[in-house]
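Structural features, examined
Each chain, letter by letter, is given below.
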Amino acid sequence: MTRHLHVSWGACAAAVLSAACITTPLPGVPVQEVDPAAVRGCTWTTDLEVTAMRDSGSPAADLQRVKELLLSQARERGATHLVVTERDLRFALALARGSAYRCG
């Protein structure tokens, strides 16, 4: 019985590892920014928020930077797609919020 239990645990571990490989984005594949309709049927991963000091002198550049940070966080959490729900400038801060999804 001990031998069968050992084999079962090994099979279970292999199944978990293969599932993790399928859901982890491939290296070098960027997270896609999409609209909400594009993530129907996908698995929600997490909601994200990024704030950063405004330091570029350009509002557009500051908003782009926080969006890139948001995309990076989504990738770190295993997402393949991101719906950006807000980008805003507030005093000395740039803010971005979004929801990360795993599709495919």
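Residues numbered from 1 in each chain as written. Predicted model: local features only at pLDDT ≥ 70, side-chain atom pairs only at ≥ 80, totals over all residues. Heavy atoms only, no water.

**Comments concerning the pattern of salt bridges**
Counted under the stated rule, the structure contains eight salt bridges. For D55, the salt bridge is made with R65, and the minimal N-O distance between the two is 3.1 Å. Here D55 is found in the loop between β2 (43-53) and α2 (59-76), whereas its partner R65 is found in helix α2, with ten residues between them in sequence. Classification of D55 by relative accessible area gives exposed; the value is 59%. (Salt bridge = Lys/Arg side-chain N within 4 Å of Asp/Glu carboxyl O. Helix = DSSP H or I, 4+ residues; strand = E, 2+ residues; numbered from the N terminus. Buried < 20%, exposed > 50% of the residue type's maximum accessible area, 1.4 Å probe, protein only.)

**What about the confidence of the model for the protein?**
Here the protein averages 81 in pLDDT, and 72% of its residues register 70 or above. When pLDDT is averaged over each element of the protein, strand β4 (residues 93-102) comes out on top at 97 and helix α1 (residues 2-23) at the bottom at 39. This model gives residues 1-23 a pLDDT under 50, and the stretch forms two contacts once residues within four places in sequence are excluded. (pLDDT = per-residue confidence, 0-100. Contact = heavy atoms within 4.5 Å.)

**Some points on the side chain of S99**
Within the secondary structure layout, S99 lies in strand β4. A residue is classified by how much of its surface remains accessible, and S99, at 12% relative accessible area, is buried. Not counting residues within four places of it along the chain, the set of residues in contact with S99 comprises W44, T46, D47, H81, L82 and V83.

**Structural notes on the nonpolar core**
The biggest cluster of nonpolar side chains holds 13 residues, and the ones touching the most others in it are V31, L48, V66, L70, A74, L82 and A100. Every element with two or more residues in this core is listed here: β2, α2 and β4. Here this core gets four residues from one element, more than from any other, and that element is α2. Apart from the residues lying within four places of it in its own chain, the contact partners of L48 are L70, Q73, A74, R77, L82, A96, R97, G98 and A100. One finds V34, V83, Y101 and C103 within the second-largest nonpolar core, a separate group that totals five residues. (Core = buried A, V, L, I, M, F, W, Y, C linked by side-chain atoms within 4.5 Å.)

**Digging into α2**
The end-to-end C-alpha distance of α2 is 26 Å, a good match for the 26 Å that 18 residues give at a rise of 1.5 Å each. Those residues of α2 not exposed but buried are D62, L63, V66, K67, L70, L71 and A74. The secondary structure elements touched by the buried residues of α2 are β1 (32-33), β2, β3 (81-90) and β4. A positive backbone phi angle near 85° is found at G78, which sits one or two residues after α2. (Expected span 1.5 Å × (residues − 1).)

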